[in-house]
Amino acid sequence: MNSVADAKRVWLVRLGKHGEHETLALDSNVLTIGFGIAHDISHLTDREMLIEEMARLFPDDKPNMHKNFAAQVNQFANVAEVGDLVISPMKTTSTIAIGRISGPYRAGPSGEAQRPVEWLKIDLPRDTFRQDLLYSFGAFMTVCEISRNNALDRIKAVLATGKDPGDGAKPERIYKNQQTGQPDAEEASDQLIDLNRIARDQIEKRIASVFVGHDFTTLVAAILRAQGYRTRVSPPGADNGVDIVAGSGPLGLEAPRLVVQVKSGSNVVDQPTLQGLIGSTQDTQADHGLIVSWGGYTSAVRRRLNELYFRVRLWGREELVDNLLANYDKLPEGIRAELPLKRTWTLVLDETEDLP
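Our subject in this report is the structure included herewith. (Residues numbered from 1 in each chain as written. Predicted model: local features only at pLDDT ≥ 70, side-chain atom pairs only at ≥ 80, totals over all residues. Heavy atoms only, no water.)

### As for the environment of Leu-251
At step 1: You can see Leu-251 is positioned in the loop between strand S9 (244–248) and strand S10 (254–263).
At step 2: Leu-251 sits 21 residues away from Arg-230 along the chain, and the two C-alpha atoms are 7.0 Å apart. (Helix = DSSP H or I, 4+ residues; strand = E, 2+ residues; numbered from the N terminus.)

### Observations regarding the packing of helix H6 (residues 195–210) against helix H10 (residues 317–326)
At step 1: Their axes nearest at 11 Å, the elements H6 and H10 cross at an angle of 95 degrees. Comparing their axes, H10 and H6 come out roughly perpendicular. Together, Arg-197, Arg-200, Ile-203, Glu-204 and Ile-207 of H6 and Arg-317, Glu-318, Val-321, Asp-322, Leu-324 and Leu-325 of H10 make up the contact between the two elements.
At step 2: Here the contact of H6 with H10 is composed, by residue class, of 5 nonpolar, no polar and 6 charged. (Axes fitted to C-alpha atoms, helices over the stretch in contact; angles between N-to-C directions. Parallel < 35°, antiparallel > 145°, perpendicular 65-115°, else oblique. Contact = heavy atoms within 4.5 Å. Nonpolar A, V, L, I, M, F, W, Y, C, P; charged D, E, K, R; others polar.)

### A look at the pattern of salt bridges
At step 1: In the structure shown here, the tally under the stated rule is 16 salt bridges.
At step 2: Note that Asp-322 is salt-bridged to Arg-200, the shortest N-O span being 2.9 Å. You can see Asp-322 sitting in helix H10 and its partner Arg-200 sitting in helix H6, a full 122 residues away along the chain.
At step 3: The partly exposed category is assigned to Asp-322, whose relative accessible area is 37%.
At step 4: Among the charged side chains, a salt-bridge network with shared partners connects Arg-126, Asp-127, Arg-197, Arg-200, Asp-201, Glu-204, Arg-317, Glu-318 and Asp-322. (Salt bridge = Lys/Arg side-chain N within 4 Å of Asp/Glu carboxyl O. Buried < 20%, exposed > 50% of the residue type's maximum accessible area, 1.4 Å probe, protein only.)

### Considerations on the packing of helix H2 (residues 47–57) against helix H3 (residues 63–79)
At step 1: Contact geometry for H2 and H3: axes closest at 8 Å, N-to-C directions at 130 degrees. If you check the angle between H2 and H3, you find them oblique. Taken as a pair, H2 and H3 cross one another with a handedness that is right-handed. Between H2 and H3, the residues in contact are Arg-47, Leu-50, Ile-51, Met-54 and Ala-55 and His-66, Lys-67, Phe-69, Ala-70, Ala-71, Val-73, Asn-74 and Asn-78, respectively. (Left-handed = near helix turned anticlockwise from the far one by under 90°.)

### Details of the side chain of Arg-100
At step 1: You can see Arg-100 is positioned in strand S4 (residues 95–101).
At step 2: The class of Arg-100 is buried, set by a relative accessible area of 9%.
At step 3: A polar contact of 2.8 Å, which involves the side chain of Arg-100, links it to the side chain of Glu-118. (Polar contact = N/O pair within 3.5 Å; in protein donor to acceptor, adjacent residues only side chain to side chain.)

### Observations regarding the sheet that holds S10
At step 1: On the basis of which strands lie adjacent, the open sheet formed by 5 strands has the order S8-S9-S10-S11-S12 and mixed pairing. Two strands lie at the open edges of the sheet, namely strand S8 (230–233) and strand S12 (312–315), each paired on one side alone. Across the sheet, the mean angle from the axis of one strand to that of its neighbour is 20 degrees, orientation sign disregarded.
At step 2: Sheet topology places S9 next to S10; 4 bridges connect them, and they run antiparallel. Opposite Val-245, over in S10, you have Val-259 as the bridge partner.
At step 3: Sitting on the sheet, helix H7 (residues 214–226) touches S8, S9, S10, strand S11 (288–293) and S12, and the angle it makes with S10 is about 155 degrees. (Pairing = 2+ DSSP bridges.)

### Observations concerning the nonpolar core
At step 1: Judged by nonpolar contacts, the single largest core of 29 residues is most densely connected at Leu-31, Ile-33 and Val-73.
At step 2: Contributions of two or more residues to this core are made by strand S1 (10–13), strand S2 (30–33), H2, H3, strand S3 (85–90), S4 and strand S6 (113–125).
At step 3: Among the elements that line this core, the one with the most residues is H3, at 6 residues.
At step 4: With near-sequence residues (within four places) excluded, Val-73 lies in contact with Ile-33, Phe-35, Ile-37, Ile-41, Leu-50, Met-54 and Asn-78.
At step 5: Judged by nonpolar contacts, the second largest core, of 28 residues, contains Phe-211, Ala-221, Tyr-229 and Trp-315. (Core = buried A, V, L, I, M, F, W, Y, C linked by side-chain atoms within 4.5 Å.)

Any functional reading would require information that these geometric values do not contain.
What follows is the structure, encoded as structure tokens:
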């Protein structure tokens, strides 16, 4: 297979509306899309043939939806080439994976559309990428090409250096397809955007820049207090694995009682860290343990989620922001001043909506 440097295109491929194909993708190196396909479509070699198939599968839906779905399936099965790069935002971990398509379309065990993939980077924090690329990653489409803002070269740079260098393209090139030089109607940035995801990306960037080190621990403690806990925060420095202790009741002595370990920055929680928290929970006679890790968790730790469900909770970025938003009005004024938010109502759309 050609090297990453030879890749000519990059595709956004989502792995299920709720992330249902993500585990299979990472464990078995295969991309899977839905669209109601449950049989071999290798004989459907262009968009027009797939439009007819979508009309057969969804006879009660509008022609625009048939065209929309057919365009995406056609790109996945017939247009994307071996060696092209793939961006897959992961719903279950709120991270991003980069892969390279390693083989042609094939029908999966139940007839679903699949492409084999070689994963090059997984569990990349979303803030690895600058906001303009995150806008493209926020398209509602399951499959679409990403070409704006010098995306291909920047993703190659992330693979090489771990950093997004930003867009070096001239303004007149930003809105043109890298292959044809013409505006690309299928480009991700032309599609409906998940505004909620974009807003959360901005909130996460603000948290990462403002609440650093011990300030991040202070933020976690404030969220717990807003949830009704009494807390004690260890001072900066060595904490023997206990950053916060929290309990219920007027004095904080009643159950549930928590031992909390907080990891800011890019620190990824591994098995020894998890075992250390479990030990601290037992030593302090707490009821439960909580780890809050901005940098996430290793796959070995995540695999223990069900096993430890009644003993330990793991908060990553997604869970932290969920709990922050649910309790925002109860947070101290100083924290709300550092993280000013307001609620905005917007229509919820998805890729089944008719596109203009």
